[in-house]
Amino acid sequence: MPIINRIAGLAPEMTAWRRHLHAHPELAFDCHETAAFVAARLAEIGVDEIHTGIAQSGIVAIINGQGAGPVVGLRADMDALPILEETGVDYASQTPGKMHACGHDGHTAMLLGAAKYLAETRGFRGRVALIFQPAEEDGGGAGVMVDEGIMDRFDIAEVYALHNAPGQEAGRIFTTPGPIMAAVDEFTIQITGRGGHGAMPHETIDPIPAAISMVQAIQTIVSRNHHALKDLVVSVTQIHAGTTDNVIPSGAMINGTVRSFEAEVQAMVMARMDEIVAGQAASFGVRASLDYAIGYPATINDPARTEFAAEVAAELVGDAHVDAAAGREMGAEDFSYMLQARPGAYLFLGAGEGPGLHHAGYDFNDEILPIGASLLARLAERALPLTE
């Protein structure tokens, strides 16, 4: 297909862009150098409008097609993770403690590649809005961009995004209609007792047994309070208490994550956690407080746009390499905010074997850059055909 041929020719350039971004990671909303690099490439490409400073360091760029028509949004995330890189590649992070361990460098390079092709060919009507977003990993940058009005400001009618998937066949594309990724919440429990000598526990109010009992009770939420056929994960991921062997501490902290899809399930977890914390605190004579922070909502694909996106994917890689009903997973994505604001679809692109996402040894597979860029470009062209 012509689009693959042209974008395949951009592979060396996209690879250079990707590796530059990989070497210069930035976190959360502080993606200003990344945004400057993206804006410079967009200016060289010749897009029609570049709007910077959205959600602090986000960008929306516009490419005009041939004649009037709707606006299709294509989104890439730009932020990295607070991880010390262990890849050993010659373009490894130059900032110790920060690395692109999720492939957002690749996502940004793919959208730049799609932008270059679309700006050259303009084989569509209407407009394409290129959304370069900060703070997907932490901060909900997509929600901030929506709150700052990008959907109305740029009259975006529908929106698409994709994510690389290590461990899946390179070039395989998969998605699912309806919920595809979970809502994510965080809980923190602070327990206050009375510390003292480890040899004299009767003179203390020990927070450690209370913490252990709370964790055990929290594990029963999924097994005993939840319908077994509905998806739910409740994971305790941190317990902190004490400093040495002969001191009973005065406090303890428990932290964890909750993943769900339905509002009533989320409400049940919140209610049970409140009851567990209060009840266990009373039984052990400690004081305890629960901070339950509601995070990203579930990522819910529009069924019609998902079917459309799968058809476009099949044109690129063949029916045998597309799964349009792959099912949902318990990871989370702040693209959910954009899908709440406008219909669209979120897709995964297989990246081949290698370390998984958020691993210190992970590196984006540059071989899939032309496939992802082609998919993004073709989604825009197919959604905005020159002839009805």
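Presented here is an overview of the structure given in this document. For clarity, every value in this text was computed on a predicted model and none was experimentally measured. (Residues numbered from 1 in each chain as written. Predicted model: local features only at pLDDT ≥ 70, side-chain atom pairs only at ≥ 80, totals over all residues. Heavy atoms only, no water.)

1. A short note on the pattern of salt bridges
Should the charged atoms of two oppositely charged side chains come close, the side chains can pair. Within the structure shown, the criterion is met by 23 salt bridges. Between Arg-18 and Asp-363 there is a salt bridge whose closest N-O contact spans 2.8 Å. Within this pair, whereas Arg-18 is found in helix H2 (residues 11-23), its partner Asp-363 is found in the loop between strand S16 (344-350) and helix H12 (369-383), the two being separated by 345 residues in sequence. For Asp-363, a relative accessible area of 22% corresponds to the partly exposed category. The closest approach of N and O atoms between Arg-342 and Asp-152, which form a salt bridge, is 2.9 Å. On the criterion of sequence distance, the pair formed by Arg-342 in the loop between helix H11 (335-341) and S16 and Asp-152 in helix H6 (residues 150-153) is long-range, its members being 190 residues apart. Judged by its relative accessible area of 63%, Asp-152 falls in the exposed class. (Salt bridge = Lys/Arg side-chain N within 4 Å of Asp/Glu carboxyl O. Helix = DSSP H or I, 4+ residues; strand = E, 2+ residues; numbered from the N terminus. Buried < 20%, exposed > 50% of the residue type's maximum accessible area, 1.4 Å probe, protein only.)

2. Some words on the layout of surface pockets
Empty space among the atoms becomes apparent when a probe as large as a water molecule is rolled across them. Looking at the largest pocket, its volume works out to about 710 Å³. For the largest pocket, the lining is made up of 25 residues, of which Glu-137, Val-184, Arg-259, Tyr-296 and Ala-332 are closest to its centre. Mapped by element, the contributors of at least two residues to the lining of the largest pocket are strand S8 (183-192), strand S12 (251-260) and S16. Class assignment of the residues belonging to the lining of the largest pocket gives a composition of 9 nonpolar, 8 polar and 8 charged. (1 Å grid on protein atoms, 1.4 Å probe; cavity = no way out; pocket = protein on both sides within 12 Å on 5 of 7 lines; lining within 4 Å. Points joined across faces, edges and corners; volume = space filled by probe spheres on them. Nonpolar A, V, L, I, M, F, W, Y, C, P; charged D, E, K, R; others polar.)

3. Quick word on the packing of aromatic side chains
Throughout the structure, instances matching the rule amount to 5 aromatic pairs. An angle of 55° between the planes, with centres 6.1 Å apart, marks the rings of Tyr-160 and Phe-308 as tilted. Note that Tyr-160 is positioned in strand S5 (residues 156-165) and Phe-308 in helix H10 (residues 303-317), a separation of 148 residues in sequence. Given a relative accessible area of 0%, Tyr-160 falls into the buried group. Overall, the relative accessible area of 15% leaves Phe-308 in the buried class. With a centroid separation of 5.4 Å and an interplanar angle of 90°, the aromatic rings of Tyr-346 and Phe-348 are classed as edge-to-face. (Phe/Tyr/Trp six-rings, centres within 6.5 Å; stacked < 30°, edge-to-face > 60°.)

4. Concerning the sheet that holds S8
With antiparallel pairing, the 4 strands of this open sheet are ordered in space as S10-S12-S8-S13. The open sheet has two free edges, formed respectively by strand S10 (232-241) and strand S13 (287-294), since each of these has just one partner strand. Along the sheet, successive strands turn relative to each other by an average axial angle of 15°, direction set aside. Examined bridge by bridge, S8 and S12 share 10 bridges and lie antiparallel to one another. Following the sheet pairing, Gln-190 is matched in S12 by Met-253. Here helix H7 (residues 207-218) sits on the sheet and contacts S8, S10, S12 and S13; the angle it forms with S8, its principal contact strand, is near 155°. (Pairing = 2+ DSSP bridges. Axes fitted to C-alpha atoms, helices over the stretch in contact; angles between N-to-C directions. Contact = heavy atoms within 4.5 Å.)

Shape descriptors only; they carry no functional weight alone.
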